[in-house]
Structure formats: C-alpha cells, structure tokens
Amino acid sequence: MDKTAVVVRVDGKLMAELTRSEACAKCGACQHGRQESLRYPLPDGDYREGDEVVISLPDDNAFRASALAYGIPIVCLLLGLALGMVLGLPDLAQAALGLSALAASFFVLKALEPRLKRSGRYEPKFCNDQDKRGEY
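Notes on the structure in this doc start here. The shown structure was predicted, so the numbers you read here are calculated from the model rather than taken from an experiment. (Residues numbered from 1 in each chain as written. Predicted model: local features only at pLDDT ≥ 70, side-chain atom pairs only at ≥ 80, totals over all residues. Heavy atoms only, no water.)

The subject of this paragraph is the pattern of salt bridges. With the rule as written, the count across this model stands at four salt bridges. Ionic pairing is found between arginine 9 and glutamate 49, a salt bridge with its closest N-O pair at 3.4 Å. Taken together, the residues arginine 9 in strand 1 (residues 2-10) and glutamate 49 in the loop between strand 3 (37-41) and strand 4 (52-56) connect sequence positions 40 residues apart. Lysine 117 is the salt-bridge partner of glutamate 113, the closest N and O atoms lying 3.7 Å from each other. Of the two residues, glutamate 113 and lysine 117 both sit in helix 4 (residues 91-119), four residues apart, roughly one turn of that helix. Take glutamate 113: its relative accessible area is 29%, and that puts it in the partly exposed class. (Salt bridge = Lys/Arg side-chain N within 4 Å of Asp/Glu carboxyl O. Helix = DSSP H or I, 4+ residues; strand = E, 2+ residues; numbered from the N terminus. Buried < 20%, exposed > 50% of the residue type's maximum accessible area, 1.4 Å probe, protein only.)

So, in structure tokens, the structure goes:
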C-alpha cells in the first residue's frame, strides 16, 4: 500500500502530510477518515518543504495489522460467548462473558503494542524517490 504525501513544516519540524481521499471520507473507519489530513514525522533524510514523498506499508503487513486489530477482539468475543454456552449460563450471563472477553482483548492488544512497535513491521516507510515506489 503506497500513498503520496507532501512535506510540510510544522513548528520548525518537517512532516509528511497525507490528504484524505474521498473514499476515506466516506468510510470513516480509521483516524484518517475523520480528519482532512494526517501528518507523520519524517525520519532523518534529504527532505525539503514541498517535496512529495511515498509512504509505503507492504500489503501483507497492512493485512496483518488489520487482522490483529479486528481479529483478536472478534475471536475473544466469540470465545467468551461459546464458553458461556458450554458452562450453561443464561443468555444474559453469556452476553456479559462475551463482552468481558472482548474488553480483555483490548488490554491484550495494549500489552502487545510495545513489542509490535519495536519490531518495526507495522511502521510505514518513507521515500522521496518516486522511482522506488513499492520496493520496500
């Protein structure tokens, strides 16, 4: 997944500004859908204000990130509901157990976040050379 951004200066620091597309505006599922533009700090490099940069995240990594963010909570919800059924709990208690498992999944994801960040796998790559698009 490649997106083109423009280098802007914000408070004396160079940032990559990504403008929201119409498709993103209609979806609204992520942070980018709710804002006109997003700014990302640029790593050290040869960037100048007004340059276009490519922000790239390999498609398989984008899929994995989505699977983690959405898959783990759904699986936990379903496991909680199934456990409630196996235990023979009333419907309301099953729902409460499912929702409790869903809430627990967010704590699990929060605990995994530092390790996932350190891996660098889900961090976008920046390149100011249009010819290198998709080579990450």
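Picking up where we left off.
A few words now on the nonpolar core. A general trend in soluble globular proteins is that nonpolar side chains are found buried together. Among the nonpolar cores identified, the biggest contains 10 residues, and these are Ala5, Val7, Leu14, Ala16, Leu18, Leu42, Tyr47, Val53, Ile55 and Phe126. Of all the secondary structure elements, the ones that give two or more residues to this core are strand 1, strand 2 (13-19) and strand 4. Ranked by the residues each element gives to this core, the list is headed by strand 2, at three residues. Discounting chain neighbours no more than four positions away, the residues touching leucine 14 are Val7, Val8, Arg9, Pro41, Leu42, Tyr47 and Glu49. (Core = buried A, V, L, I, M, F, W, Y, C linked by side-chain atoms within 4.5 Å. Contact = heavy atoms within 4.5 Å.)

Before going further, it helps to spend a moment on a nonpolar patch on the surface. There is a patch of nonpolar side chains on the surface, built from Tyr70, Ile74 and Leu78 and spanning about 340 Å² of accessible area. Locating isoleucine 74 in the fold gives a position in helix 3 (residues 59-86). (Patch = residues over 30% accessible without salt bridge, like charges linked within 9 Å, V, L, I, M, F, W, Y side chains within 5 Å. Areas by Shrake-Rupley, 256 points an atom, 1.4 Å probe, with all protein chains shown as cover.)

Moving on, we get to the side chain of aspartate 51. Tracing the backbone through its elements, the reader meets aspartate 51 in the loop between strand 3 and strand 4. The charged side chain of aspartate 51 is buried without a salt bridge, its nearest counter-charge being arginine 48 at 4.2 Å. For aspartate 51, the side chain forms a polar contact with the main-chain nitrogen of arginine 48, separated by 2.9 Å. Residues in contact with aspartate 51, not counting those within four places in the same chain, are Ala5, Val6, Val7 and Asp46. (Lys, Arg positive; Asp, Glu negative; His and termini not counted. Polar contact = N/O pair within 3.5 Å; in protein donor to acceptor, adjacent residues only side chain to side chain.)

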